[in-house]
Every structure is written in C-alpha cells, then in structure tokens.
Amino acid sequence: MRSEQETNEAVERYADLVRRLCMIHLKNHADTEDIFQTVFLKYLTSMTVFESREHEKAWIIRVTLNACRDLLRSFFRSKTVSLDTLLDQPADLAPAHSEVLEAVLSLPAQYRDVVYLHYYEGYTAPEIGKILGKNENTIYTRLTRARGLLKEKLGGNDDA
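Residues numbered from 1 in each chain as written. Predicted model: local features only at pLDDT ≥ 70, side-chain atom pairs only at ≥ 80, totals over all residues. Heavy atoms only, no water.

In the nomenclature of an unreviewed UniProt entry, the chain is known as RNA polymerase subunit sigma-24 of Butyricicoccus pullicaecorum. Taken verbatim from the UniProt record of the chain, the Sequence similarities (unreviewed entry) comment is "Belongs to the sigma-70 factor family. ECF subfamily." (UniProt positions renumbered as here; feature names shortened; annotations may be inferred.)

Asker: Please explain the overall build of the chain as it appears in this structure.
Answerer: A count of helices and strands for the chain gives 9 helices and 0 strands. Secondary structure elements of the chain, listed N to C terminal, follow the sequence α-α-α-α-α-α-α-α-α. Across the 160 residues that make up the chain, the buried fraction comes to 36%. Carbon and sulfur atoms form 53% of the exposed surface of the chain, whose accessible area is close to 10200 Å². (Helix = DSSP H or I, 4+ residues; strand = E, 2+ residues; numbered from the N terminus. Buried < 20%, exposed > 50% of the residue type's maximum accessible area, 1.4 Å probe, protein only. Areas by Shrake-Rupley, 256 points an atom, 1.4 Å probe, with all protein chains shown as cover.)

Asker: Which parts of the structure should I look at to understand unusual backbone geometry?
Answerer: Leave glycine aside and you will find that most residues have negative phi; peptide bonds, for their part, are mostly trans. Within the chain, Lys27 stands out as a residue other than glycine whose phi angle is a positive 55 degrees. Positionally, Lys27 belongs in the loop between α1 (4–26) and α2 (29–45). Residue Lys27 is classed as partly exposed on the basis of its relative accessible area, which comes to 41%.

Asker: Where do I start with a nonpolar patch on the surface in this structure?
Answerer: Together, Val100, Tyr119, Tyr120 and Leu154 give the surface a local cluster of nonpolar side chains, amounting to about 370 Å² of exposed area. Structurally, the position occupied by Tyr119 is in helix α7 (residues 109–120). A relative accessible area of 47% places Tyr119 in the partly exposed class. (Patch = residues over 30% accessible without salt bridge, like charges linked within 9 Å, V, L, I, M, F, W, Y side chains within 5 Å. Salt bridge = Lys/Arg side-chain N within 4 Å of Asp/Glu carboxyl O.)

Below is the structure:
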C-alpha cells in the first residue's frame, strides 16, 4: 500500500488526465467522479513498482480506460438513462471546437482512444501501442482510419 503523501502527489499529477479520459468515454460528470475515485483507490492499494513517471502515467491511463469500459458494460448502466442526456445544457465551447469535440466523441472507442492519446496527450504510436497493448502498426492504422472518419464528419479538404 502506498503512503498518503505519494497518493496525493499522484492525484495532483494525474487528476486532469483521469477526468478528461473519463469524460471522453462516459460523457457524465457523476460517473467521471466515481471512476476518478476508483482509479486512485487502485493506485493507493496497488503494489506495482513503477520504473519511471511515464510507466506510472501509462498505468494510470490503462486503469482509467479499463474502469470506464467496465462501467459502460455493467448491467446497471445498460438499464438506465443519464440525467445529463435529459438536460438541455448550453455548450461551453466555441461552435468550431464543440463540432470537433462532438466528432471525436462520436468515433468508435478504439479510434477515440488513439486520437485522444496522440493529439491531446502527445504520445507517439509506439508509446500508445505499449499503453494499450496493441501492435504499433495497429495504432497507425487506427489513427489513419480515425482521421478519415473525422474528415468525413467534418467535411475536411484533401490537402490535410
């Protein structure tokens, strides 16, 4: 079990990352907070020895994605409707940004993950492959297909 200080430092370092990943997958603030607590509870109780900060960050990403997927697959989740979907909330982003965000969020999960990790977190394809446990060429393929889907949805030009 990790010390309280070590866990608090990890929360400070990775809180934004975990919340962003959760919001991309769950699109719900309450579920995001639940997964946030789950991830850092697992961190606190984990006996994993991290080789570096990058290894620790990759572990946090992996645990977050797995927890989001577990929640999305749960029986309870499949039989309920989120209150967020019922509320008509104004968008906080500029129209151009919200259109891109909506397009990214509408991608299938396998593409959404690689797009987020590549463009928002700055990981390379080999690094993403290690994090997700996939072949590097699979990641390149998913990035290419995701770009094609986004181009279709957003009506991009052929020069990009």
